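Each chain, written out:
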Amino acid sequence: MIELLDKQFFQLALIAALLVGLCAPAVGTFIVQRRLALLGDGIGHVALTGVALGFLTGTAPVLTAVAVSVIGAVAIELVRARGRTSGDVALALLFYGGIAGGVMLMGIAPGGSNAKLNSYLFGAIASVTTQDIWIIGALAVAVIAVVVIFGRELFVLCQDEEMARASGLPVRFLSLLIAVTAALTVVIAMRVVGLLLVSALMVIPVATSQQLTRGFRSTMGLAMLFGVVAAVGGLLSSTLSARVPPGAAIVLLALCGFVLALGVGKFVRRGRPRESTVSERSSMRVEEVTR
């Protein structure tokens, strides 16, 4: 284990795992609270088109994935907000359009083949380069900055959109901000867990944390801790055993944590005196934030 720390590929992979473990659950907390758990999946499929576009144009696939993912996230939020189609239909459009676009562009790219998409679909953390780390690091800083600066406003929006609008908050801007931040998070995580599994790392640690905590901030903090543990644990598993795919190991570890939290949560909640209902607590928290 100590020898691994001296190898550059492991150092880069460890940095990537830490960044993804922190960012994905942080953004996922808002997404889960707003009942858009599948948003990450939809954006992930759109990012596939961006990756293929990078191969087609001969540019960095990560950068083109950022551009296409942000455009797709903004488009889906605008469609959803205007009520021209329901949220699940809009996400389905992202799913199918993203996959079809990615496969088609990769097929017409010079020397392109769908096999090249595998490292982005399922993750290839061991192949992360120094350039990837700089890009991932910059995106991670942007994501954390959004959470820190706009956290209170985003919390109000996710709890009650009508309350946020009545409080004078820029609902349209904040909704777009969540979508764009989710798009950046998907691109950050695609080299670690893959586009097909990225949504799991955004949702499962949050669901695990919700079994043990009640407050919004404590839920986010604990979810980020669970995300880091799952990401680093999955990386170590794949490094020690070449047969273990890193993305799958990370998600399965996160799922194991969720199962354990279900059992622990029952004991934590047992014996507690009755408190206000979830809706009552949410309303009180919203009122406190908007004062």
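The structure presented is a predicted model; accordingly, all values stated were derived computationally and were not measured. (Residues numbered from 1 in each chain as written. Predicted model: local features only at pLDDT ≥ 70, side-chain atom pairs only at ≥ 80, totals over all residues. Heavy atoms only, no water.)

Considerations on the overall build of the chain
Phase 1: If you tally the helices and strands in the chain, you get 12 helices and 0 strands.
Phase 2: Reading the chain from its N terminus to its C terminus gives the helix and strand order α-α-α-α-α-α-α-α-α-α-α-α.
Phase 3: Relative to its 291 residues, the chain shows a buried fraction of 47%.
Phase 4: Considering only contacts within the chain whose residues lie at least 6 apart along the sequence, 75% involve residues at least 24 apart.
Phase 5: By element, 67% of the accessible surface of the chain is carried by carbon and sulfur atoms, the whole surface being about 13700 Å². (Helix = DSSP H or I, 4+ residues; strand = E, 2+ residues; numbered from the N terminus. Buried < 20%, exposed > 50% of the residue type's maximum accessible area, 1.4 Å probe, protein only. Contact = heavy atoms within 4.5 Å. Areas by Shrake-Rupley, 256 points an atom, 1.4 Å probe, with all protein chains shown as cover.)

Comments concerning empty space enclosed by the protein
Phase 1: Scanning the entire structure with this criterion turns up 2 cavities of 30 Å³ or more.
Phase 2: In terms of lining residues, the second largest cavity is bounded by Val27, Phe30, Val146, Val147, Leu154, Ile178 and Thr181.
Phase 3: Those elements that place two or more of their residues in the lining of the second largest cavity are helix H1 (8-33), helix H6 (130-159) and helix H8 (171-189).
Phase 4: At 3 residues, the largest contribution of residues to the lining of the second largest cavity is made by H6. (1 Å grid on protein atoms, 1.4 Å probe; cavity = no way out; pocket = protein on both sides within 12 Å on 5 of 7 lines; lining within 4 Å. Points joined across faces, edges and corners; volume = space filled by probe spheres on them.)

Section: the nonpolar core
Phase 1: Residues Ile31, Ile188, Met190 and Met202 are the most contacted members of the largest nonpolar core, which totals 78 residues.
Phase 2: Setting aside anything within four residues of it in sequence, one finds Met190 in contact with Val51, Val62, Ala65, Ser119, Tyr120, Gly123 and Leu195. (Core = buried A, V, L, I, M, F, W, Y, C linked by side-chain atoms within 4.5 Å.)

A closer look at the packing of H1 against H6
Axes are the key here: two packed helices are described by the angle between their axes and the distance separating the axes.
Phase 1: One can describe the packing of H1 onto H6 by two numbers: an axis separation of 9 Å at closest approach and a directional angle of 20°. Here H1 lies roughly parallel to H6, going by the angle between them. H1 and H6 meet at a crossing whose hand is left-handed.
Phase 2: Of the residues assigned to the contact of H1 with H6, the class counts are 17 nonpolar, 6 polar and no charged. (Axes fitted to C-alpha atoms, helices over the stretch in contact; angles between N-to-C directions. Parallel < 35°, antiparallel > 145°, perpendicular 65-115°, else oblique. Left-handed = near helix turned anticlockwise from the far one by under 90°. Nonpolar A, V, L, I, M, F, W, Y, C, P; charged D, E, K, R; others polar.)

Topic: H1
The α-helix winds at 3.6 residues per turn, so residues separated by three or four positions along the chain end up facing the same way.
Phase 1: In this model H1 runs 38 Å from its N-terminal to its C-terminal C-alpha over 26 residues, within 8% of the 38 Å that 1.5 Å per residue would give.
Phase 2: Looking one or two residues beyond H1, the residue adopting positive phi is Arg35, at roughly 60°. (Expected span 1.5 Å × (residues − 1).)

Some points on the pattern of salt bridges
Phase 1: Scanning the entire structure with this criterion turns up 1 salt bridge.
Phase 2: A salt bridge links Arg165 to Glu162, with the nearest nitrogen and oxygen atoms 3.3 Å apart. Taken together, the residues span about one helical turn, with Arg165 and Glu162 both in helix H7 (residues 161-166) at a distance of 3 residues.
Phase 3: According to the relative accessible area criterion, Arg165 is partly exposed, its value standing at 42%.
Phase 4: Since its relative accessible area comes to 54%, Glu162 is described here as exposed. (Salt bridge = Lys/Arg side-chain N within 4 Å of Asp/Glu carboxyl O.)

Overview of the confidence of the model for the chain
Do not read the predicted coordinates in detail wherever pLDDT is low.
Phase 1: Taken over all residues, the pLDDT of the chain has a mean of 78, while the share at 70 or more is 83%.
Phase 2: The least confident element of the chain, judged by mean pLDDT, is helix H12 (residues 278-290) at 46; the most confident is helix H9 (residues 198-210) at 87.
Phase 3: Predicted confidence is poor over residues 274-284, with pLDDT under 50, and the contacts of this stretch with residues over four places away or in other chains come to 5 contacts.
Phase 4: Below pLDDT 50 for its whole length, residues 286-291 participates in 10 contacts with residues either more than four positions away or in separate chains. (pLDDT = per-residue confidence, 0-100.)

Description of the environment of Leu177
Phase 1: Mapped onto the fold, Leu177 is located in helix H8.
Phase 2: Separated by 27 residues in the primary sequence, Leu177 and Phe150 place their C-alpha atoms 9.2 Å from one another.

Concerning the packing of aromatic side chains
Phase 1: Scanning all chains against the criterion turns up 3 aromatic pairs.
Phase 2: An angle of 65° between the planes, with centres 5.8 Å apart, marks the rings of Phe150 and Phe173 as edge-to-face. On the criterion of sequence distance, the pair formed by Phe150 in helix H6 and Phe173 in helix H8 is long-range, its members being 23 residues apart.
Phase 3: Here Phe150 falls in the partly exposed class, since its relative accessible area comes to 25%. (Phe/Tyr/Trp six-rings, centres within 6.5 Å; stacked < 30°, edge-to-face > 60°.)

Let's talk about the side chain of Thr29
Phase 1: For Thr29, the location among the structural elements is in helix H1.
Phase 2: A distance of 2.7 Å separates a polar side-chain atom of Thr29 from the backbone oxygen of Pro25.
Phase 3: In contact with Thr29, not counting residues within four places along its chain, are Val206, Phe216, Met220 and Ala223. (Polar contact = N/O pair within 3.5 Å; in protein donor to acceptor, adjacent residues only side chain to side chain.)

What to know about a nonpolar patch on the surface
Phase 1: A cluster of nonpolar side chains, Ile144, Val148 and Ile149, forms an exposed patch at the surface whose accessible area comes to about 290 Å².
Phase 2: Locating Val148 in the fold gives a position in helix H6. (Patch = residues over 30% accessible without salt bridge, like charges linked within 9 Å, V, L, I, M, F, W, Y side chains within 5 Å.)

Focus: the environment of Thr59
Phase 1: Tracing the chain through its elements places Thr59 in the loop between helix H2 (39-57) and helix H3 (61-82).
Phase 2: Of the residues examined, Thr59 reaches a relative accessible area of 41% and is grouped as partly exposed.
Phase 3: Apart from the residues within four sequence positions on either side, Thr59 is in contact with Gly54 and Thr64.

Re the side chain of Ser209
Phase 1: Among the secondary structure elements, Ser209 is positioned in helix H9.
Phase 2: Classification of Ser209 by relative accessible area gives buried; the value is 0%.
Phase 3: Apart from the residues within four sequence positions on either side, Ser209 is in contact with Ser218, Thr219, Leu222, Ala223 and Phe226.

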